[in-house]
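# Analysis of the macromolecular model
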Amino acid sequence: MAWILMKALTLGMIIGSALIIWKALMCMSGSESPVVVVVSGSMEPAFKRGDILFLYMSKDPIRAGHILVFNVDGRDIPLVHRVIEVHERQDTGEVDILTKGDSNLLDDRVLYAQDQLWLQRHHIMGRAIGFLPYAGWVTIILTEKPIIKYVLIGALGLLMII
């Protein structure tokens, strides 16, 4: 009985440590999601599918050429694309941002919400400041092949019992 309690405590400490590390990364980066996985090839050759991006959110001005991760209303998965145009309103200081994937022929207006022509700062999750090549493939495989995820969870559960 004591070994079951010990294994449960160990699992709890692992999960708790992961959550603490994630929260610390959120605080340091200023982003709600400090790490994201590139899930499409739209940013090749800069980033390939499966690369992990590290994000930072700051008050610094957004400029053409910056690579942003942003949310679009009506989409579940954030997009990673390069800024191609920025318009700053002199009266309010607000910015309108237009993005495009490096390997896409057209800008992202077709990906934005209906009748939306520009991104605003509230859409931005962060600016890419670094990346780790191919390290996100585990996430992609677990998302695209749910059976592997269930087998892995079952195996981990079995290891807990043993």
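In this report, the structure presented in the accompanying data block is examined. From a predicted model like this one, the values you see are computed outputs, not experimental measurements.

Take the sheet that holds strand 6 (residues 124-132) next. Read across the open sheet, the six strands follow the order 1-2-6-3-4-5; overall the sheet is antiparallel. At either end of the open sheet lies a strand with only one pairing partner, and these are strand 1 (35-37) and strand 5 (95-100). Pairs of neighbouring strands in the sheet enclose a mean axial angle of 50°, with direction left out of account. Bridge count between strand 1 and strand 2 (residues 52-56): three bridges; the pairing is antiparallel. Across the sheet, residue V35 finds its bridge partner in strand 2, namely F54.

The next subject is the layout of surface pockets. Roughly 270 Å³ of volume is contained in the largest pocket. The wall of the largest pocket is formed by 13 residues, among which V37, V39, I77, P78 and T139 lie closest to the centre. Of all the secondary-structure elements, those providing two or more residues to the lining of the largest pocket are strand 1 and helix 2 (137-144). With four residues, the single largest contributor to the lining of the largest pocket is helix 2. Among the residues forming the lining of the largest pocket, the class breakdown is eight nonpolar, three polar and two charged. The computed volume of the second largest pocket comes to approximately 160 Å³. The dominant element in the lining of the second largest pocket, judged by the number of residues it contributes, is strand 4 (residues 79-88), at three residues. For the lining of the second largest pocket, the class distribution of residues is nine nonpolar, four polar and one charged.

This part covers the side chain of D96. Position of D96 among the secondary structure elements: in strand 5. Here D96 falls in the buried class, since its relative accessible area comes to 10%. A polar contact of 2.8 Å, which involves the side chain of D96, links it to the side chain of R89. Residue contacts for D96: discarding those within four places in its chain leaves E85, V86, H87, R89, W118, L119 and Q120.

Checked against the element boundaries, H66 lands in the loop between strand 2 and strand 3 (67-70). Accessibility expressed as a relative area gives 22% for H66, which makes it partly exposed. With sequence-adjacent residues up to four places away left out, H66 is seen in contact with P61, H81, R82, V83 and R127. Here the side chain of H66 touches R127 through a polar contact of 3.5 Å, side chain to side chain.

Two elements in contact, helix 1 (residues 2-29) and helix 3 (residues 146-161), have axes separated by 9 Å at closest approach and are oriented at 140°. Classed by the angle they form, the pair helix 1 and helix 3 counts as oblique. Residue-level inspection shows W3, K7, A8 and L11 of helix 1 in contact with helix 3, the latter providing L159, M160 and I161. Classifying every residue of the contact of helix 1 with helix 3 by side-chain character gives six nonpolar, no polar and one charged.

Analysis parameters
- Residues numbered from 1 in each chain as written.
- Predicted model: local features only at pLDDT ≥ 70, side-chain atom pairs only at ≥ 80, totals over all residues.
- Heavy atoms only, no water.
- Pairing = 2+ DSSP bridges.
- Helix = DSSP H or I, 4+ residues; strand = E, 2+ residues; numbered from the N terminus.
- Axes fitted to C-alpha atoms, helices over the stretch in contact; angles between N-to-C directions.
- 1 Å grid on protein atoms, 1.4 Å probe; cavity = no way out; pocket = protein on both sides within 12 Å on 5 of 7 lines; lining within 4 Å.
- Points joined across faces, edges and corners; volume = space filled by probe spheres on them.
- Nonpolar A, V, L, I, M, F, W, Y, C, P; charged D, E, K, R; others polar.
- Buried < 20%, exposed > 50% of the residue type's maximum accessible area, 1.4 Å probe, protein only.
- Polar contact = N/O pair within 3.5 Å; in protein donor to acceptor, adjacent residues only side chain to side chain.
- Contact = heavy atoms within 4.5 Å.
- Parallel < 35°, antiparallel > 145°, perpendicular 65-115°, else oblique.

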